[in-house]
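Spelled out, the chains give:
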Amino acid sequence: MGAMTMKWWKPVVVGLSLTLASGMMQPALAGKKDPQPKAVKMPSWTELAQKQPAAYDKATPEARLSEEQLADWWKTFQDPKLDALIELSLKNNRDLQAAQARVEEARAQLGISKGEALPWLNLGGTYGRYEAPQGVNDKISDMSPYPGMINPPNRNSSVAGLGIDASWEPDFFGRLKAKKQSAAHNLAAQHAALYSTWVTLSAETALNYVSLRTLQQDLDLLERHAALEGEKADLLQTNYNAGLISGYPLEAMRTQEQNTRAELPRTRQSIQETLTRLSILTGTEPGQLNDLLEPEDLPEIDPELYHAIPANLMRQRPDIRAAEERLEAQIARTKEARAELKPRFTLDGFLGLITLGGGNLFGSGAHSFAIAPSFTFPLFHGGQLRQNVKLQDARAKEYQAQYENTVLKAAGEVQDAMTGIVQEKERKDKLTAGVDNAQGAFDLAENRFQAGLSDYQPVLDSERTLLTMKRQENRSRGQELADLIHLYKALGGGWQPLSDAEQAEISRAEGKDK
């Protein structure tokens, strides 16, 4: 019987050895067939932006822009109300709060992934009481070849237990490590997404503020011209009543006055919509920003003074960092999928107290322990595991393309914004000169009419042209400031550099502090 006892484990050992050997060999074979995916790094977006000059951009030697200015770029406008609005938006905006919540979510997910690689311990207890049927006891007695050889158990009995269960999965093939890396890169991506929201939020707040001031200046121009046209119409009415002029100049001026006044409701509606957008951006109730209804001039600033890329720009555009970290997270998920093809080992154990038949649970004879190693090897899953590897590989390619596209877009946005500053400056200068010319033409046409040298149509045409030129010049000044804001946004401005604690957290998450 002893020889038979020694033989039963031999097939088990042989089978386990073969399984381990095949499992150990599979990573090497897989490495030859499917090389591990890696992220392909793109050149710096600032290098791409300066590598080929934009078609209609031009250098501005006197322009200077530092990283410190870029961090709080709105302060270059020297407008306290704009500073207050951006501070309010960074404090109350709901999109920013949602991004902060996603960072906390990613941090918790990383903690879960780290916990999966550690042993699990559970404290448990149990108690059971049972009564065996009489027929079972009789059957056990009948199984004995000799009467009394087998004593039937007590019909009434109990079992009790108290102890600690333990379970641990050794990560031989890197599945849990890859899962933790994926969560770490996802945390870094959410950090970057938070700062990207910060960049977008500050830019959108400033753009809407500039739009508000531009619309208010436009409304002021319309109201002043409508008032002047009304005064001229009243004067023409007096001359018409005296029989000095025909009815055409009067009716023509009344028509032009009403046409100007017809622009007022639409402009007021645009102002209200802009205020509503600012309320949403700053996280305030609609109507709380009505103190901004008092018209003010646009900030006085020369955008060309900041028409530059900071030298040795170290800050990374948050959206590019987010795209890069999402790519790294997906590559880690691909590694995790490949590790699913390998064997998984588990070590279970128990340490505690067990008693039968109502004995003393805390007595010396109740001590018990157990160790139960086990493994599983995926022999056949209908091809699901292999297809999951292909799925994750395809997603990694998708994220790689998105990352590269983000870098290219960043470089393009910088060139577009810098070109916009130069070209809008030229356009504004032309419009300013055009306003002076239109004012001179209007004065000349009115003098000729008063002298009886021409009819009233040139006065109407020149007055309409003058109003149009003034409105275009005002909008061009607003667009010039908007182009500067777009440049600040394209350069990744609007968020403070990471604190030492935040940088250390991200470095730990990415495994760079080993």
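Quick caveat: nothing in here was measured; it's all calculated off a predicted structure. (Residues numbered from 1 in each chain as written. Predicted model: local features only at pLDDT ≥ 70, side-chain atom pairs only at ≥ 80, totals over all residues. Heavy atoms only, no water.)

As for the overall build of the protein chain
Using the following cut-off: A run of H or I in DSSP becomes a helix once it reaches four residues, and a run of E becomes a strand once it reaches two; helices and strands are each numbered from the N terminus. Note on contacts: a residue pair qualifies if any of its non-hydrogen atoms lie within 4.5 Å across the two residues. Using a 1.4 Å probe, accessible areas were evaluated by the Shrake-Rupley method; residue-level cover was limited to the displayed protein chains.
Assigned secondary structure in the protein chain consists of 14 helices and four strands. When contacts within the protein chain are restricted to residue pairs at least 6 apart in sequence, long-range pairs at least 24 apart make up 86% of them. Total accessible area on the protein chain is roughly 29200 Å²; 56% of this is exposed by carbon and sulfur atoms.

Let's talk about the packing of aromatic side chains
When we look at a pair of aromatic rings, we describe it by the centre distance and by the angle of the planes. Basically, it comes down to this: In this scheme Phe, Tyr and Trp rings, the latter by its six-membered ring, pair at centre separations within 6.5 Å, and the angle between planes marks the pair as stacked below 30 degrees, edge-to-face above 60, and tilted otherwise. A simple rule labels every residue: compare its accessible area, found with a 1.4 Å probe on the protein chains alone, to the largest value its type can have, and call it buried under 20%, exposed over 50%, or partly exposed in between.
Considering all chains together, one arrives at seven aromatic pairs under this definition. Between the aromatic rings of tryptophan 73 and tryptophan 74, the centroid separation amounts to 5.5 Å while the plane-to-plane angle is 75 degrees, which identifies the pairing as edge-to-face. Given a relative accessible area of 0%, tryptophan 73 falls into the buried group. Overall, the relative accessible area of 7% leaves tryptophan 74 in the buried class.

Quick word on the confidence of the model for the protein chain
Heads up, the condition is: How sure the predictor is of each residue is captured by pLDDT, a score from 0 to 100.
Per-chain confidence: the protein chain averages 81 in pLDDT, with 79% of residues scoring 70 or above. Within the protein chain, no element has a lower average pLDDT than helix H1 (residues 2–7), which sits at 42, and none a higher one than helix H10 (residues 263–282), at 93. Under a pLDDT of 50 for its full length, residues 1–32 has, in the predicted model, 17 contacts with residues more than four places off or in other chains.

A word on the pattern of salt bridges
The cut-off we apply is this: Salt bridge, as used here, is a side-chain nitrogen of Lys or Arg placed within 4 Å of a carboxyl oxygen of Asp or Glu.
The final tally for this structure, using the stated rule, is 28 salt bridges. Here arginine 344 ties to glutamate 169 by a salt bridge, and the two come within 3.3 Å at their closest N and O atoms. Here glutamate 169 lies in the loop between strand E2 (156–168) and helix H8 (175–241) and arginine 344 lies in strand E3 (residues 344–356), a separation of 175 residues in the sequence. The shortest N-O distance in the salt bridge between aspartate 461 and arginine 464 comes to 3.3 Å. Here the residue aspartate 461 and the residue arginine 464 both occupy positions in helix H13 (residues 457–490), the gap between them amounting to three residues, near one helical turn. You can call aspartate 461 partly exposed: its relative accessible area is 33%.

Some points on the side chain of glutamate 336
Let me state the cut-off plainly: Charge assignment: positive for Lys and Arg, negative for Asp and Glu; neither His nor the chain ends contribute.
With respect to the helices and strands, glutamate 336 occurs in helix H11 (residues 318–339). We note that glutamate 336 is buried and unpaired, the nearest opposite charge coming from lysine 179 at a distance of 4.6 Å. Excluding its chain neighbours within four sequence positions, the residues that come into contact with glutamate 336 are Arg175, Ala178 and Lys179.

Looking at the packing of helix H9 (residues 247–261) against H13
Under the convention used in this document: Orientation is described by lines fitted to C-alpha atoms, with helices fitted over the stretch in contact, and by angles between N-to-C directions that extend from 0 to 180 degrees. Working definition: roughly parallel below 35 degrees, roughly antiparallel above 145 degrees, roughly perpendicular at 65 to 115 degrees, and oblique for all remaining angles. The handedness criterion is simple: a crossing whose near helix is rotated anticlockwise from the far helix by less than a right angle is left-handed, and one whose near helix is rotated clockwise is right-handed. The classification used treats Ala, Val, Leu, Ile, Met, Phe, Trp, Tyr, Cys and Pro as nonpolar, Asp, Glu, Lys and Arg as charged, and all other residues, Gly among them, as polar.
Look at H9 against H13: their axes get within 10 Å of each other, and the N-to-C directions meet at 15 degrees. Relative to H13, the element H9 is oriented roughly parallel. For H9 against H13, the interelement crossing comes out right-handed. Taking contact as the criterion, the partners of Tyr248, Ala252, Met253, Gln256 and Thr260 in H9 are, on H13, Gln457, Leu460, Glu463, Arg464 and Leu467. Grouping the constituent residues of the contact of H9 with H13 by class yields five nonpolar, three polar and two charged.

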